[in-house]
Amino acid sequence: MSGIPSPDDLGSNLPPGITAAAIARLIVPTDELRPVGMVGLKPWPARPGWFIALACTGGNGPSKTKVDGCSGGGPSTPLHAYIALVEKDEAGRPKLATPPVAVEATVDWGGSLLPSSPEAAEDPAPKDGPAPLPSAYDRLDLAPYHIAPGETAFGVRASWSDGYAGGFGWHSAILLYALVDGRLRQVLAVPTIALTFTAGEWHRDGTRDHEIEEGANVILLAEHLTAGHADLTVRSRVTRDERLFRWNPSSMRYAEALERGSHP
């Protein structure tokens, strides 16, 4: 209503000459049966001339507005996403710079430093069963996470939405990706935001009590290196409690260290 355009958080406003169909053909597997709902492309500042390409399938499906083309995931409408790094060939057409990978939204909500977790994460699941898929992929986070010399990570922000009787819950996580040994790899997946709004007792005047519970985490890069990569600290903005992550050269991703602490 203000005339200000909505932020293009996923890069759905593609550059001239590049079509969604062309990007989808590059990064979506040929055996994918769910319809492509949204395709995004954003320049990657860490590699001039390269772009981060994202395609979402399932969920709400194709959207004319491109606002909800990467959302609507649920038990009956699973939402999937695929990501790759692309560049332009001599004719200006997109081509793969790295093989595409499926976005893995496997997030450990235990010990998240947040006051709550998505309902799907709290439900008992079969051993080694699939992790709850997100309700939406919200944003490409292009903040420069300099995890090692010449190695910069970027983020994909995913979220889970729940409806309660008289309220709602919204939880978010960041999935960090980096170019490791020439391939795009997920190197970290941690919860970042929790927000719940729940209704309580009714009063005689027709009003009702409500309770809001929220928390947020921030990722900090340390100067100390483990296997040539910066240690990462996930810190609660509310309690100041921390989780320490260090690079595991065997898995080529971050793993939580045993140390935990808090800051005054």
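First things first, this report covers the structure right here in the doc. All figures in this text were calculated on a predicted structure; none of them were measured in a lab.

Conventions adopted
Residues numbered from 1 in each chain as written. Predicted model: local features only at pLDDT ≥ 70, side-chain atom pairs only at ≥ 80, totals over all residues. Heavy atoms only, no water. Core = buried A, V, L, I, M, F, W, Y, C linked by side-chain atoms within 4.5 Å. Buried < 20%, exposed > 50% of the residue type's maximum accessible area, 1.4 Å probe, protein only. Helix = DSSP H or I, 4+ residues; strand = E, 2+ residues; numbered from the N terminus. Contact = heavy atoms within 4.5 Å. Disulfide = S-S within 2.5 Å.

**Describing the nonpolar core**
If you look at the biggest cluster of nonpolar residues, it comprises 30 residues, and the most contacted ones within it are Leu54, Ile83, Tyr137, Phe154 and Leu175. Within the residue set of this core, elements represented by two or more residues are β2 (51–58), β3 (79–88), β6 (136–148), β7 (151–164), β8 (167–180) and β9 (183–202). Dropping the residues within four chain positions of it, leucine 175 is found in contact with Val103, Glu104, Ala105, Val107, Tyr137, Phe154, Gly155, Val156, Ala158, Gln186, Leu188 and Ala189. Membership of the second largest hydrophobic core comes to 17 residues, among which are Leu113, Leu176, Leu188 and Leu232.

**Looking at the state of the cysteines**
Put plainly, a disulfide is one covalent bond tying together the sulfur atoms of two cysteines. This model, assessed by the stated rule, comprises one disulfide. What pairs with cysteine 56 in a disulfide is cysteine 70, and their sulfur atoms sit 1.8 Å apart. In this structure the cystine formed by cysteine 56 and cysteine 70 twists about its S-S bond by roughly -55°; its chirality is therefore left-handed. Highlighted residues: cysteine 56 in strand β2 and cysteine 70 in the loop between β2 and β3, separated in sequence by 14 residues. No difference in accessibility class separates cysteine 56 from cysteine 70, as the two residues are buried.

**Here's the deal with unusual backbone geometry**
Positioned with a positive phi, leucine 113 is a non-glycine residue whose angle comes to about 75°. Mapped onto the elements of the fold, leucine 113 is located in the loop between β5 (101–102) and α2 (119–122).

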